[in-house]
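# Results of the structural survey
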Amino acid sequence: MILKLVSFSALLLGALTSPLPATLSPTTNATGGLCRIYNYGRSADCLGRQFDHVPWTRLPSTLEELDLSYNILPAIHANDFLHFPRLRTLLLSYNNISYIHDDAFRSNPLLEHLNIFNNSLQEIPATPLMPLTNLKKLYMSNNLYKQATLADGFSKFAKLQVLSMGGPLVLGLKKGDFKPLKNIRLQGFAIKCSSNLSYYEPGSLEVIQTTQMGFDMVIDQKPNILPLMLRDLANKTFSVIQFRNLFEFMYYMAEEDIFKNLRDITAHQLIFHRGKFNENLLRMILINLQVAPIKRLRLQYIDFARSPTFVDDGASSRITDLKLDKLDLWYISNPDVLRFDWRFTWFNKIQDLSIQYVYFNSVPCDSWVEMEGVESLDVSNNRLHNTAIFNQRCDYKGRMRSLHNFNMSNNELSSLRDLSYLTREFQRLQVIDISNNKLGSAEESQNCAWRQNITKVIAHHNQFVSQALQCLPTTVQLLDLSYCSLDQLDMTYFEKTTNLKELLLSGNKIKFIPSQWRMASLQALTLDGNSFGLISMESFQDMPQLSQLKAGNNPYHCTCEIHAFIQGTMSKRKINLTDWPDSYKCYHPEALLNTVISNYFPGHVACDIRLVIIISVATTATVVLILMLICYLFDVPWYTKATYQILRAKYRAHKEKAVEGREIFTYHAFISYSHSDADWVRDQLLPCMENNRNPYRLCIHERDFMPGKWIIDNIIENIESSRKVIFVLSRHFVNSEWCNYELYFAQQRAMSKTFSDVILIVKEPINPNSLPSKYCKLKKMLSTKTYLEWPQQAKQQAFFWAQLKSVLGKPTLPRERAHSTRSTASSVGAVSVIELPLEDGRPETAQADETELQQEFTLMNNEQHNQTTVSTKPGEVSQTSDLRMNTAQAAAGSRLSAEVDPHNVMLSHDVTCLAGGLSFVLSWEMEIGPEIKKKKKKMSSQLEKAMEGLIMVFHNYSSREGDKYKLSKMEMKNLLHGELGGFLSSGKDQVVVDKIMTDLDENQDGQVDFQEFVVLVAALTVACNEFFVQSQKK
């Protein structure tokens, strides 16, 4: 920035500093080359082409601007610019021009800007310049003419604005040199004289009317010339007065005040460029500025040195009343200039203080005290470290009360914490510039304490980590974090910056933009030059006031999301993309690399998710329909179903075997039935299944549910404790809510084990299609699973019981799973169950079983395959009927063989229900003959009564404790005492009881079952019979 200001000022004042062109630097081409023609043939760049003549034959006649600087042109001829009548700007600086033809610019009346700076002209080319009546800028200094006298013709340049003249051979100025300019109001005038200036006539500059005045002259030998020059400028107003190389070879040591006439000059800014300064010369300038109407002072590139003879005489040497709007101290190699008189008092009333490129290495504590009037402090570009600017031994409390802006950019600062401690006492501080430092490390960005009135922080070109953002002020309205190597954003910090209106994040490495970025006050956001490839409106939906967004030069993924963002932004026009469209290009996919996003138009189908779903569903449905049609035509479903059934059957068999060998159950089966079917369960099912030599253990809710428990808990627990689950299906079952629960729990159990555990007994015909919708699973089971159907004819019921027992398996259960409470409840219920109603002096079951067994023989002898009691799936009736007939024959045969065996003292295990009594009757009929058949009914009645009494006596005692089907030692003792006390006189003796228990207990389990009990009764009966026979003989 300083270089630009210096170059601009020097160029405007006549290029006194020999500036280079602002656009291009000089280049050398030894072989010469063509000029660059641009701006549609209106401009030509021939800079540095080593031309020794004007190449007018290669240039278009439409030229308006021509740059021939930095060539080796020796002269300008009459025809050189004859073909360029539109020429307005001609640059001929830095050549070797020593001659210009009088008619050189005859064809260029429109020429406004002519630069012949730094050539070899020995006199001012007045005659060639006369046709240029439109001339506005004329730079002709640094030539070899020895006088600065202007011809009278210069008075015709009424439009002239800037004039620089003179050269190193001009030894002085005379009063009439600039008389032709008397009536011309210039914007800038610069005069260069010899380093050995020998004379100056008073009044020489008096006629000059200009806004900016520049002097490039050395007064080492004639310092008394300066007061004369300043007198000629008195009572005039200037924007800038610049002195260049005022003392080039020596320091001014005299006591005469050569700047005393400054107080009569009104100027906005006074600039001293280069030259030698000591404390004596600087004090003269400052003393006169205290009273002069000059508001700005700049000392740049000066060579400052304190005199060896300088004596500090105390208060008289102080500058305490220097009131300046701005003081610039730039590019001064000796930092002693800051306290040239060993004090900082001259800063006391400076409003804007800029100290750059001075490279001071410390800030004394008293300097903060003396700068109490400074409102803007710029100490950038000084290589300052943390310890140089923040001294922990200094007391900053109450200091810098007027400071508003503080610029510390382009230094070596690394600690945000130290900066916060330094500035927290600056009461009016609002703007901080800490750019181009080394700030942002996590270690030195903790425990910061900023003042709450800071509204603007400029911190670009640092090395911030995300955690360091927490150490920045939260009261900011503008925050510049461009080029800080940030790879992610700390949302915690930004949530605290409730007043932030402008955020600059250009040139970082941010990889993604958060989707919920809440910044209620943000109005402008720059995100260009980062690393994110996706951007959406969701990221900015919580920024209601955002109106300016700059997000170009990112590696965008050209997808539907970026297209939707651009379309939404453009259509709503709420957010203005300031760098649209050239900076928005595709980076992915490779096929779209460098494609401008404004030319990216994805297909409507690819970006409409609803349309994609519709097409996907339609396509899928079409494919499914085609596959279904193919399957139907080639019978694929039938083959698939058959294969599935085969695999499923094998899997069920394997699973059942694993379950049977692994699990232990309390009950053989859980009976689920409706209350309306309770009579059938009690009168038919329970007597037939439980009143056997090896009875089945069945669970019914009336008898076996645990009192006090929830009904649902009882259902679940007893189903889980049963090997099988039997459902007695009827119309009443369908209407029962509890039956529905039991069916559901059984289904859930079957899913985890096997569906073969579920046995369906259809007590009365049910149409599956008439079942409610909640019985969908039952419908499926009735349609796919073999079930038992209760026959209404008594002769078919024997085969029904045989099939049911075959499904249940052998009635063996371990004792460990029997619960004492259930045993007691079951024993109590057992008495009522076996007390069956009698008809014709016989149990109904005996008559039914006789008919049942006769039916079995009828099935075996007549081979009636059509009498089937089991319903199956369609197409399987004949096979199942044969199977059942064979099963019935095998069962009947096995029962008869066991019952007629004379060596068998006990009843066979295969005798079912009360068919045992019937078996004895049949065996008597087979062995004794028809003559005894007439008495069968009477004998059977008496025998059955004896058998019934024997059973009742046994169960009356066995059901009192423990296993209800076996006698414990105590129960055996009570039975002997109560029932056989008359036969066994020693029945009360414990030794006799133990002896009887040991003899009867064949399986050594410590209990007497019914079979072992019958052995005792049989032995006593035989003994009684022998006693009776002997008594009869006697």
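Note that this is a predicted model, so its numbers are computed, not measured. (Residues numbered from 1 in each chain as written. Predicted model: local features only at pLDDT ≥ 70, side-chain atom pairs only at ≥ 80, totals over all residues. Heavy atoms only, no water.)

Below, the discussion takes up the overall build of the chain. For the chain, the helix and strand inventory stands at 28 helices and 41 strands. The buried share of the chain, reckoned over its 1034 residues, is 48%. For the chain, contacts bridging at least 24 residues in sequence account for 66% of all contacts bridging at least 6. Accessible surface, the chain as shown: approximately 51400 Å² in total, 53% of it carbon and sulfur. (Helix = DSSP H or I, 4+ residues; strand = E, 2+ residues; numbered from the N terminus. Buried < 20%, exposed > 50% of the residue type's maximum accessible area, 1.4 Å probe, protein only. Contact = heavy atoms within 4.5 Å. Areas by Shrake-Rupley, 256 points an atom, 1.4 Å probe, with all protein chains shown as cover.)

Most of strand β17 (residues 294-300) is tucked away, with 5 of its 7 residues classed as buried. Strand direction decides the pairing type here: strand β15 (residues 266-273) and β17, joined by 6 bridges, are parallel. Bridged to alanine 267 within β17 is isoleucine 294. As defined by bridge partners, β17 adjoins strand β19 (residues 324-330) across 5 bridges and the pair is classed as parallel. Its bridge partner being in β19, arginine 298 is matched across the sheet by aspartate 328. (Pairing = 2+ DSSP bridges.)

Of the consecutive residues tryptophan 580 and proline 581, the connecting peptide bond is found in the cis state with omega at 5°. Within the element layout of this structure, proline 581 appears in the loop between β30 (576-577) and β31 (586-588). Cis geometry marks the peptide bond from histidine 588 to proline 589; its omega dihedral reads -10°. As for its position among the elements, proline 589 is in the loop between β31 and α10 (604-607). Positive phi values are uncommon outside glycine, yet tyrosine 357 reaches one of about 55°. Among the secondary structure elements, tyrosine 357 is positioned in the loop between β20 (350-356) and α5 (365-370).

This next bit is on a nonpolar patch on the surface. A grouping of Val623, Ile626, Leu627, Leu629, Ile630, Tyr632, Leu633, Phe634 and Val636 is seen on the molecular surface, where their side chains present a nonpolar patch of about 920 Å² in accessible area. Counting residues per element, the nonpolar patch draws most heavily on helix α11 (residues 609-633), at 7 residues. Assignment of secondary structure puts leucine 627 in helix α11. (Patch = residues over 30% accessible without salt bridge, like charges linked within 9 Å, V, L, I, M, F, W, Y side chains within 5 Å. Salt bridge = Lys/Arg side-chain N within 4 Å of Asp/Glu carboxyl O.)

Taken as a whole, this structure holds 20 salt bridges when the rule is applied. Salt-bridge contacts for glutamate 112 lead to arginine 88; the nearest nitrogen and oxygen are separated by 3.3 Å. One end of the pair, glutamate 112, is in the loop between β6 (99-100) and β7 (113-115); the other, arginine 88, is in the loop between β4 (75-76) and β5 (89-91), with 24 residues separating them in the sequence. Residue glutamate 112 is classed as partly exposed on the basis of its relative accessible area, which comes to 25%. A relative accessible area of 33% means that arginine 88 is categorised as partly exposed. Residue arginine 682 is joined to aspartate 679 by a salt bridge in which the shortest nitrogen-to-oxygen separation is 2.6 Å. With arginine 682 and aspartate 679 both in helix α13 (residues 678-690) and 3 residues apart, the pair spans about one turn of that helix. Take arginine 682: its relative accessible area is 32%, and that puts it in the partly exposed class. The exposure class assigned to aspartate 679 is partly exposed, which follows from its relative accessible area of 46%. Connected via shared salt-bridge partners are Arg298, Lys326, Asp328 and Asp352.

Another point: the state of the cysteines. Simply put, the disulfide is a covalent bond whose two ends are the sulfur atoms of two cysteines. Inspection of the entire model under this criterion finds 4 disulfides. Here cysteine 448 connects covalently by a disulfide to cysteine 471, the sulfurs 1.3 Å from one another. In this pair, cysteine 448 sits in the loop between β23 (431-433) and β24 (456-458) while cysteine 471 sits in the loop between β24 and β25 (478-480), placing the two residues 23 residues apart along the sequence. By relative accessible area, which is 2% here, cysteine 471 ends up buried. (Disulfide = S-S within 2.5 Å.)

It is worth spelling out the packing of aromatic side chains at this point. Counted under the stated rule, the structure contains 37 aromatic pairs. Between phenylalanine 259 and phenylalanine 272, the ring centres sit 5.7 Å apart and the planes meet at 80°, which makes this aromatic pair edge-to-face. One end of the pair, phenylalanine 259, is in the loop between β14 (237-244) and β15; the other, phenylalanine 272, is in strand β15, with 13 residues separating them in the sequence. Grouping residues by exposure puts phenylalanine 259 and phenylalanine 272 together as buried. When the ring of phenylalanine 344 is compared with that of phenylalanine 347, the centres are 6.2 Å apart and the planes differ by 35°; the resulting orientation is tilted. Take phenylalanine 344: its relative accessible area is 7%, and that puts it in the buried class. Three or more aromatic residues joined by ring pairs form one cluster here, namely Phe215, Phe243, Phe259, Phe272 and Phe277. Positioned over the ring face of tyrosine 301 is arginine 274, at 5.3 Å from the centre of the ring. (Phe/Tyr/Trp six-rings, centres within 6.5 Å; stacked < 30°, edge-to-face > 60°. Lys NZ or Arg CZ within 6 Å of the ring centre and 35° of its normal.)

Turning to helix α15 (residues 711-720), a few remarks are in order. Here α15 has its buried residues at Asn714, Ile715, Asn718 and Ile719. For α15, the buried positions fall inside an angular range of 120° around the axis, keeping them on one side. (Arc of directions from axis to C-beta.)

The topology assignment puts serine 414 in the loop between β22 (405-407) and α7 (416-423). Only 3.2 Å separates the side chain of serine 414 from the side chain of glutamate 444, close enough to count as a polar contact. With sequence-adjacent residues up to four places away left out, serine 414 is seen in contact with Asn386, Lys438, Leu439, Ser441 and Glu444. (Polar contact = N/O pair within 3.5 Å; in protein donor to acceptor, adjacent residues only side chain to side chain.)

That is the geometry; function is a separate question.
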